[in-house]
Amino acid sequence: MALNRVALLTAGGFAPCLSSAVGGLIERYNELDPEIEIIAYEYGYHGLLTGRKIVFDKEARDNAVLLDYFGGSPIGNSRVKLTNAKNLVERGLVEEGENPLEKAAEQLRSDGVDVLHTIGGDDTNTTAADLAHYLEEHQYNLTVVGLPKTIDNDIIPIAQSLGALTAAEEAAEYAVNIIGEHRSSPRMLIIHEVMGRNCGYLTARAAADYRRWVDQQTWLPSAGLSKERWDVHAVYLPEMDIDLDEEAKRLHGIMDEIGNVNIFLSEGAGVDEIIEEMEAAGEEVERDPFGHVKLDTINPGQWFGKQFAKRLDAEKVMVQKSGYFSRAARARHEDLRLIKSMVDYAVDCALRGESGVIGHDEEDGGKLKAIDFKRIKGGKPFNMFVPWFEEVMETIGQPLKAD
């Protein structure tokens with residue numbers, strides 16, 4: 001398939017893969033056909049609606065590898081849902097009565113785009129599917145190839161989304177310094193709140209990575225450098241059945257013995273209970289354009305801190321969030337390998353006119369393929385009974401119960 005112009009956009013929250021994925025796509029197209037023009041819509045679908053774009057010139061194309069050294073997104077992100085016209089009118093992105101899908105489609109048509117690469121999570125790629133369907137209905141031939149980005153690793157049916165491995169490593173590194181605070185007060189409770197709305201993968205993986213670090217250190221108990229005090233004592237995920245009273249009894253014993261308790265908490269754990277409390281008190285629960293609860297406005301870490309503080313007779317409680325530290329990081333080694341393989345396959349699909357989201361299909365033996373947009377969904381739960389996480393839970397002595 002002969003291509004004249006390819007467009008890229010990144011959307012949704014950041015993940016440690018966006019910069020490298022953009023750079024990888026530029027590099028691959030440049031290798032195969034330097035004559036194909038590559039543009040990017042700035043700030044995702046926001047730029048598509050406003051026509052705000054950049055063209056990658058020769059300097060950018062020849063030096064795209066530099067993007068591997070940075071996190072964030074060089075072309076910008078935003079949260080825009082093309083089928084939520086009311087929200088788009090309120091934000092001044094479309095006029096009252098204007099069809100956002102039509103406006104986006106006409107922008108692509110006027111820009112002469114042959115292939116659109118969307119780099120994002122399930123919301124980004126299902127929005128791309130809505131756009132592709134609209135274009136098909138209106139006889140505009142556009143290939144849409146998505147790359148799966150989310151630190152939650154919760155896209156159905158994709159085995160491993162881009163950015164999640166790096167985000168877990170970064171969260172574990174963040175925890176090293178946070179848990180270093182455990183001797184700042186007697187009976188210290190530390191809660192490390194990790195991103196993860198519906199899926200506990202990132203928290204679980206971060207806890208496993210942190211525990212690997214703990215196991216690799218040389219400890220000196222006679223000088224007060226104790227492995228037990230630095231260890232993880234509890235992990236709470238959205239998929240878990242959490243009995244606060246039972247956990248408080250277990251953790252109280254640890255607090256009595258070593259003087260501190262360290263908890264890894266997924267921000268989605270206990271959210272239903274928190275929302276119920278807020279609504280019962282007449283408080284408004286804020287939501288984003290996709291209808292998701294804005295978790296940073298309800299502070300799950302603070303809620304858990306409050307629940308455990310009295311139960312553990314904690315003298316001091318510290319809650320720290322690693323989300324923004326983790327999600328804007330540059331991609332690390334494992335992710336870079338995954339990005340490279342997916343980017344190369346994405347370009348191959350684009351050149352043969354095959355639309356879909358690139359990923360290893362869990363429902364097809366883990367085969368790397370362009371998965372039909374209709375099969376892409378968010379909210380994949382974390383399988384808590386994978387061996388590596390069962391080992392973590394067994395080591396810290398916390399009963400593992402599914403919700």
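The structure we're discussing is the one just above.
Residues numbered from 1 in each chain as written. Predicted model: local features only at pLDDT ≥ 70, side-chain atom pairs only at ≥ 80, totals over all residues. Heavy atoms only, no water.

Chemist: How should the packing of aromatic side chains be read in this particular structure?
Modeler: Here a ring pair, both rings aromatic, is described through the centre-centre distance and the interplanar angle of the planes. In this structure the tally under the stated criterion is 15 aromatic pairs. With a centroid separation of 6.4 Å and an interplanar angle of 35°, the aromatic rings of Phe-304 and Phe-308 are classed as tilted. Residue Phe-304 and its partner Phe-308 are located together in helix α12 (residues 300-311), separated by four residues, close to a single helical turn. Taken as a pair, Phe-304 and Phe-308 share a single burial class, namely buried. An aromatic cluster is defined as three or more aromatic residues linked by ring pairs; in this entry it consists of Tyr-210, Trp-213, Trp-219, Trp-230 and Phe-264. Note that Arg-205 overlies the ring of Trp-388, its terminal NZ or CZ placed 4.0 Å from the centroid. In this arrangement the basic side chain of Arg-352 is found over the ring face of Tyr-345, its NZ or CZ atom lying 5.5 Å from the centre. (Phe/Tyr/Trp six-rings, centres within 6.5 Å; stacked < 30°, edge-to-face > 60°. Helix = DSSP H or I, 4+ residues; strand = E, 2+ residues; numbered from the N terminus. Buried < 20%, exposed > 50% of the residue type's maximum accessible area, 1.4 Å probe, protein only. Lys NZ or Arg CZ within 6 Å of the ring centre and 35° of its normal.)

Chemist: Please explain α12 as it appears in this structure.
Modeler: Residues three or four positions apart in an α-helix share a direction because the helix packs 3.6 residues into each turn. Helix length check: α12 (12 residues) gives 17 Å between terminal C-alpha atoms against 16 Å at 1.5 Å per residue, within 8%. Residues of α12 that are buried include every one of Pro-300, Gly-301, Trp-303, Phe-304, Gly-305, Gln-307, Phe-308 and Ala-309, and no others. Those residues of α12 that are buried lie in contact with β6 (188-194), β7 (234-236), α10 (244-258), β8 (260-266), α11 (271-280) and β9 (316-321). Where α12 ends, the next residue or the one after it, Asp-313, has phi of about 55°, a positive value. (Expected span 1.5 Å × (residues − 1). Contact = heavy atoms within 4.5 Å.)

Chemist: Would you mind showing me how to read the layout of surface pockets here?
Modeler: Roughly 940 Å³ of volume is contained in the largest pocket. At four residues, helix α6 (residues 122-137) tops the list of elements feeding residues into the lining of the largest pocket. By volume, the second largest pocket amounts to about 400 Å³. In terms of lining residues, the second largest pocket is bounded by 20 residues, among which Gly-268, Gly-270, Val-271, Asp-272 and Glu-273 are the most central. Broken down by secondary-structure element, the contributors of at least two residues to the lining of the second largest pocket are α11 and α12. Ranked by residue count, the leading element in the lining of the second largest pocket is α11, at three residues. A breakdown of the residues in the lining of the second largest pocket according to their chemical character gives 11 nonpolar, four polar and five charged. (1 Å grid on protein atoms, 1.4 Å probe; cavity = no way out; pocket = protein on both sides within 12 Å on 5 of 7 lines; lining within 4 Å. Points joined across faces, edges and corners; volume = space filled by probe spheres on them. Nonpolar A, V, L, I, M, F, W, Y, C, P; charged D, E, K, R; others polar.)

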